[in-house]
Amino acid sequence: VTSEFVKVGIVGLGAQGRDVLLPTLQSLKEVRIDAICDRDPQLRKEVSGQASISKAYANIEEILQDDDLDCLVVACPPDRHYEIAIAALEAQKPVFIEKPPATNLGDLRHLVELSEKLNIVNGVGMNFRFATAIQKIKQLIDTNAYGTPATINIKHLAGFPRQPMWGVSSLEALLFAQTIHPVDLAIYLAGQPAHFKSRIAENDGKITIFSHIGFESGTECTVITGNAAEKFYWGLEVITNQGAIIECRQLWEVNVWTPSHREDFPSRESWRNTWTAGPLDRGFSRVGYRGELSIFLDCVRTKKRFTPSFSDLIPTYGILSDIAAQEIQRD
Ligand code: NAD
């Protein structure tokens, strides 16, 4: 980084690139979106006009010729991510890639090897880790405020995908679109997985995946994901070894029930501590996009390792491959 700004090129201007990552980057200080890249000429024209970005490239080879850029932020269809990541790493360009960075464990391993050999800063968009509510919960866990987690239960229930896409089956598309988030989050909160079991139920294309992950730390997690929900539902519970319950729904509030609150209200009334997102807490920050991009760009500036990088996703991909290998139980 040679100027006061980190100069970013955005690759992929679809729903995520254009509507989420672009406005999030625009909200960050010390960042300049210097170039965009999409294979769709209409999108290039619209976005460069609306966002006043003069450099608009048609493919990864062209944008990598631009020596002015300090890094790339990529949100393309996942079956393109592997080749785009390889091209960026080989051009020595730091790269942040939306999840999933590859569509199988073998390709991910290759990205890890290449990024480590060439020592290029890299990151994966696992935004849940950076959501404000998750940061509060992580802090409670790390400071042992209410004891250590005995169990963590996560529900991440969406209405799609129900069809094959990104060159993979409908089950794998679901794993890479949805299940990757709560599995990565469980690993972020509980550490190294030790053992794993899952069951997949399907009814007319509607899939529900029940997973149980045991961690080296002793924490046991359940993760329930699926594509059968009418509306997106997300919820997390941590139950600690001191009997406290830390609960969060839809990333809006963190509630903590602890046995010690009985001293404040000795009756049997229910009593809890609550953290709530502020009314002006903008979505992109609350849901983690602002935190992940701001820390990644700081790593580009200081040439430090970003987490989660490709290598941090290896245990998550190990679990996703195990789930994909299960027999589906059909109703
Ligand atoms: P999309 O299909 O709407 O957009 C992809 C864009 O990439 C399109 O504009 C397409 O023209 C462009 N493109 C395709 N191949 C290209 C190439 N080789 N070079 C340059 N541009 C190319 O997809 P989307 O919904 O925006 O999803 C993009 C990525 O973001 C996916 O990996 C998805 O999983 C991820 N995503 C993440 C979250 C999250 O919460 N973290 C949410 C939604 C999507």
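Residues numbered from 1 in each chain as written. Predicted model: local features only at pLDDT ≥ 70, side-chain atom pairs only at ≥ 80, totals over all residues. Heavy atoms only, no water.

Enquirer: Residue-level account of the packing of aromatic side chains, with values.
Expert: In this structure the tally under the stated criterion is 7 aromatic pairs. Ring geometry for F96 and F306: centres 6.3 Å apart, planes at 70°, overall edge-to-face. With F96 in strand β5 (residues 95-98) and F306 in the loop between α10 (289-302) and α11 (314-324), this residue pair connects regions lying 210 residues apart in the sequence. The same class applies to F96 and to F306, which are both buried. With a centroid separation of 5.5 Å and an interplanar angle of 85°, the aromatic rings of F296 and F306 are classed as edge-to-face. On the criterion of sequence distance, the pair formed by F296 in helix α10 and F306 in the loop between α10 and α11 is long-range, its members being 10 residues apart. For the pair formed by F296 and F306, the shared burial category is buried. In textbook terms, an aromatic cluster arises when at least three aromatic residues are bridged by ring pairs, as seen for F96, F130, F296 and F306. Positioned over the ring face of Y188 is K138, at 4.8 Å from the centre of the ring. (Phe/Tyr/Trp six-rings, centres within 6.5 Å; stacked < 30°, edge-to-face > 60°. Helix = DSSP H or I, 4+ residues; strand = E, 2+ residues; numbered from the N terminus. Buried < 20%, exposed > 50% of the residue type's maximum accessible area, 1.4 Å probe, protein only. Lys NZ or Arg CZ within 6 Å of the ring centre and 35° of its normal.)

Enquirer: Go over the site of the ligand with me, naming the residues and quoting the values.
Expert: In the vicinity of the ligand there are 22 residues, among which Q16, D38, K99, N127 and Y289 approach most closely. In the environment of the ligand, an oxygen atom lies 3.1 Å from a nitrogen or oxygen atom belonging to the backbone of A15. For the ligand, a nitrogen atom lies 2.9 Å from a polar atom in the side chain of N127. At a threshold of 2 Å from the grid points, most atoms of the ligand map onto the largest pocket. Breaking the shell around the ligand down by element, the ones donating at least two residues are α1 (15-26) and α4 (78-90). Top contributing element to the shell around the ligand by residue count: α4, with 3 residues. A per-class count over the shell around the ligand returns 10 nonpolar, 7 polar and 5 charged. (Near = heavy atom within 4 Å. Polar contact = N/O pair within 3.5 Å; in protein donor to acceptor, adjacent residues only side chain to side chain. 1 Å grid on protein atoms, 1.4 Å probe; cavity = no way out; pocket = protein on both sides within 12 Å on 5 of 7 lines; lining within 4 Å. Sits in = over half its atoms within 2 Å of the grid points. Nonpolar A, V, L, I, M, F, W, Y, C, P; charged D, E, K, R; others polar.)

Enquirer: Can you explain the side chain of N255? Please cite residues and give values.
Expert: Relative to the assigned elements, N255 resides in strand β13 (residues 253-257). The buried category is assigned to N255, whose relative accessible area is 6%. At 2.6 Å, the side chain of N255 and the side chain of T274 are in polar contact. Look past the residues within four positions of N255 in its chain and what remains in contact with it is I245, I246, E247, R272, N273 and T274. (Contact = heavy atoms within 4.5 Å.)

Enquirer: Lay out the sheet that holds strand β6 (residues 122-125) in plain terms, naming residues and giving numbers.
Expert: Pairing between the strands of a sheet is mediated by backbone hydrogen bonds and can be parallel or antiparallel. Spatially, the 6 strands line up as an open sheet ordered β3-β2-β1-β4-β5-β6, and their pairing is parallel. What marks the edges here is a single partner per strand, and that holds for β3 (55-57) and β6. Ignoring which end each strand starts from, the neighbouring axes of this sheet average 25° apart. (Pairing = 2+ DSSP bridges. Axes fitted to C-alpha atoms, helices over the stretch in contact; angles between N-to-C directions.)

Enquirer: Which residues make up the layout of surface pockets, and what values go with them?
Expert: Estimates place the volume of the largest pocket at around 1,000 Å³. In this structure, the largest pocket is lined by 42 residues; those nearest its centre are A15, Q16, A75, E98 and K99. Where the lining of the largest pocket is concerned, the elements lending two or more residues are α1, α3 (60-64), α4 and α7 (170-190). Among the elements that take part in the lining of the largest pocket, α4 stands out by supplying 5 residues, more than any other. Looking at side-chain class alone, the lining of the largest pocket contains 23 nonpolar, 12 polar and 7 charged residues. For the lining of the largest pocket, the domains that each give at least three residues are domain 1 (6-126 + 288-311) and domain 2 (129-282 + 316-330). One number sums up the size of the second largest pocket: a volume of about 450 Å³. As for the second largest pocket, its lining consists of 21 residues, of which P94, N119, I120, V121 and K303 are closest to the centre. (Points joined across faces, edges and corners; volume = space filled by probe spheres on them. Domains from an automatic or database assignment.)

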